[in-house]
Amino acid sequence: ASDYNTVQGNVISGNSGVGIRIQGDDNLVGGIDSAHANTIFGNGTHGIRVSDDAVYSGNSFLGNSIYGNSALGIDLKDAGDAGDFVTPNDASDGDSGSNDLLNHPVMVAYARNGADLDLVFELDAPAGDYRIEFFENASGLDPTGNGEGQRFLGAASVTSAGSGAQTFPVTLNGVSITDGTTIVATATEDRGLGDFGSTSEFGTATTAELAYAELWLSTRDAVTGGGQSGTSTWDAGDLVKIGDPSL
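For every chain, the first residue of the written sequence is number 1, and numbering continues from 1 along that sequence. Predicted model: local features are reported for residues with pLDDT of at least 70 only, side-chain atom pairs are reported and counted for 80 or more only, and whole-chain, interface and lining totals are derived from all residues. Values reported for side chains reflect all heavy atoms of the structure, with hydrogen atoms and water molecules removed beforehand.

J.: Residue-level account of the nonpolar core, with values.
T.: Leu119, Phe121, Leu123, Ile132 and Phe134 are the most contacted members of the largest nonpolar core, which has 22 residues in total. Among the elements that take part in this core, strand β11 (residues 116–123) stands out by supplying four residues, more than any other. Two residues form a contact once any of their heavy atoms are found within 4.5 Å. The residues contacting Leu123, other than those within four sequence positions of it, are Asn103, His104, Pro105, Tyr130, Ile132, Val158, Gly164, Ala165, Gln166, Phe168 and Ala187. Within this scheme, the nonpolar core is defined by two criteria: the residues are buried Ala, Val, Leu, Ile, Met, Phe, Trp, Tyr or Cys, and they are joined through side-chain atoms within 4.5 Å. Exposed residues in this analysis have more than 50% of their type's maximum accessible area, buried residues have under 20%, and partly exposed residues fall in between, with area computed by a 1.4 Å probe over protein chains only. Core analysis: the next-biggest nonpolar cluster, separate from the first, contains 17 residues, Ile74, Leu101, Val184 and Phe202 among them. Here a strand is any run of E in DSSP of at least two residues, a helix any run of H or I of at least four, and the numbering for each starts at the N terminus.

J.: How would you sum up the pattern of salt bridges? Please name residues and give values.
T.: Only one rule defines a salt bridge in this text: a Lys or Arg side-chain nitrogen within 4 Å of an Asp or Glu carboxyl oxygen. With the rule as written, the count across this model stands at seven salt bridges. Residues Arg49 and Asp75 are paired through a salt bridge, measuring 2.8 Å at the closest nitrogen-oxygen approach. A residue pair is termed long-range when its members are at least 10 positions apart, and Arg49 in strand β6 (residues 48–50) and Asp75 in strand β9 (residues 74–76) qualify at 26 residues. Across the pair, Asp75 and Arg49 agree in class, each one buried.

J.: How would you sum up the side chain of Asn137? Please name residues and give values.
T.: Mapping Asn137 onto the fold places it in strand β12 (residues 128–137). When its relative accessible area of 5% is taken as the criterion, Asn137 is described as buried.

J.: Lay out the packing of aromatic side chains with the relevant residues and their values.
T.: Two rings from Phe, Tyr or Trp (for Trp, the six-membered ring) form a pair when their centres are within 6.5 Å of each other. A pair whose planes differ by under 30 degrees is stacked, one over 60 is edge-to-face, and the rest are tilted. The tally for this structure, following the rule as stated, stands at five aromatic pairs. Relative to Tyr67, the ring of Phe41 has its centre 5.3 Å away and its plane inclined at 5 degrees; by these criteria the two rings are stacked. With Phe41 in strand β5 (residues 39–41) and Tyr67 in strand β8 (residues 65–67), the pair connects residues that are 26 residues apart, well separated along the chain. According to the relative accessible area criterion, Phe41 is partly exposed, its value standing at 28%. When its relative accessible area of 23% is taken as the criterion, Tyr67 is described as partly exposed. Where Phe121 meets Phe134, the ring centres are 5.7 Å apart and the plane angle is 65 degrees; that geometry is what we call edge-to-face. Here Phe121, found in strand β11, pairs with Phe134, found in strand β12; they are 13 residues apart in sequence, far enough to count as distant. The same class applies to Phe121 as to Phe134, namely buried. Through a chain of ring-to-ring contacts, the aromatic side chains of Phe121, Phe134 and Phe168 assemble into a single cluster.

J.: Can you lay out the sheet that holds β9 for me, pointing to particular residues and giving the numbers?
T.: One open sheet holds the three strands; their spatial order is β3-β6-β9, and the pairing between them is parallel. Taken across any chain shown, the strands that pair with only one partner, and hence form the sheet edges, are β3 (20–22) and β9. In this sheet, neighbouring strand axes are inclined to one another by 10 degrees on average, regardless of whether the strands run parallel or antiparallel. Should DSSP find at least two bridges between two strands, the strands are taken to pair. Pairing geometry for β3 and β6, over three bridges, is parallel. Its bridge partner being in β6, Ile20 is matched across the sheet by Ile48. Angles run from 0 to 180 degrees between N-to-C directions of axes, and those axes are lines fitted to C-alpha atoms, restricted for helices to the stretch in contact.

See the structure below:
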């Protein structure tokens, strides 16, 4: 095993197998500075794989361009997993394995709002803070339904209550996208002070661009938003339309 390594600013392409194979803990591929991003494409199987010969965790994959690989963009190998498949999310993320088999974000929809991009996604993760990174794939939806991440769009920080799936709205300011694109996200544990932990596989993608994004609040949430004539509060279970001029 090899721990605490950093891979930044490389083009990793043309391998007959995996682009990067992780066999260790707390390794960093990429980073939050754009200069640290790697381009990982055109490899024979996965872009990145965390092996299952031991329970490796804390490996962060941030800000990279990962696309055009023959299998998954990121593969968290589960013990006994004989195939190269997306690891399904589980309720409250109680399973264990490579990178803790951290549940991936599920994209719901997105909407262009002037120069900004509104996004809605779900996350079912243990209690804590997470960095959610968003990517677009102009070539369309990957056959797995989860996709890879060709172009990094931006990131947001969210806090999970650890009590089941939560729905989050996010706005990325000054972000433009390609018509008909697919948007996908990853989740990474945010340990604070610039330290990050395990990254998930690429999540369930969406091609659902709406005139506005519809958000059903979970039973735990309430939201206060500024409307044209003041401030309104929505209760749990209400429907909120991001970009609706009545808000």
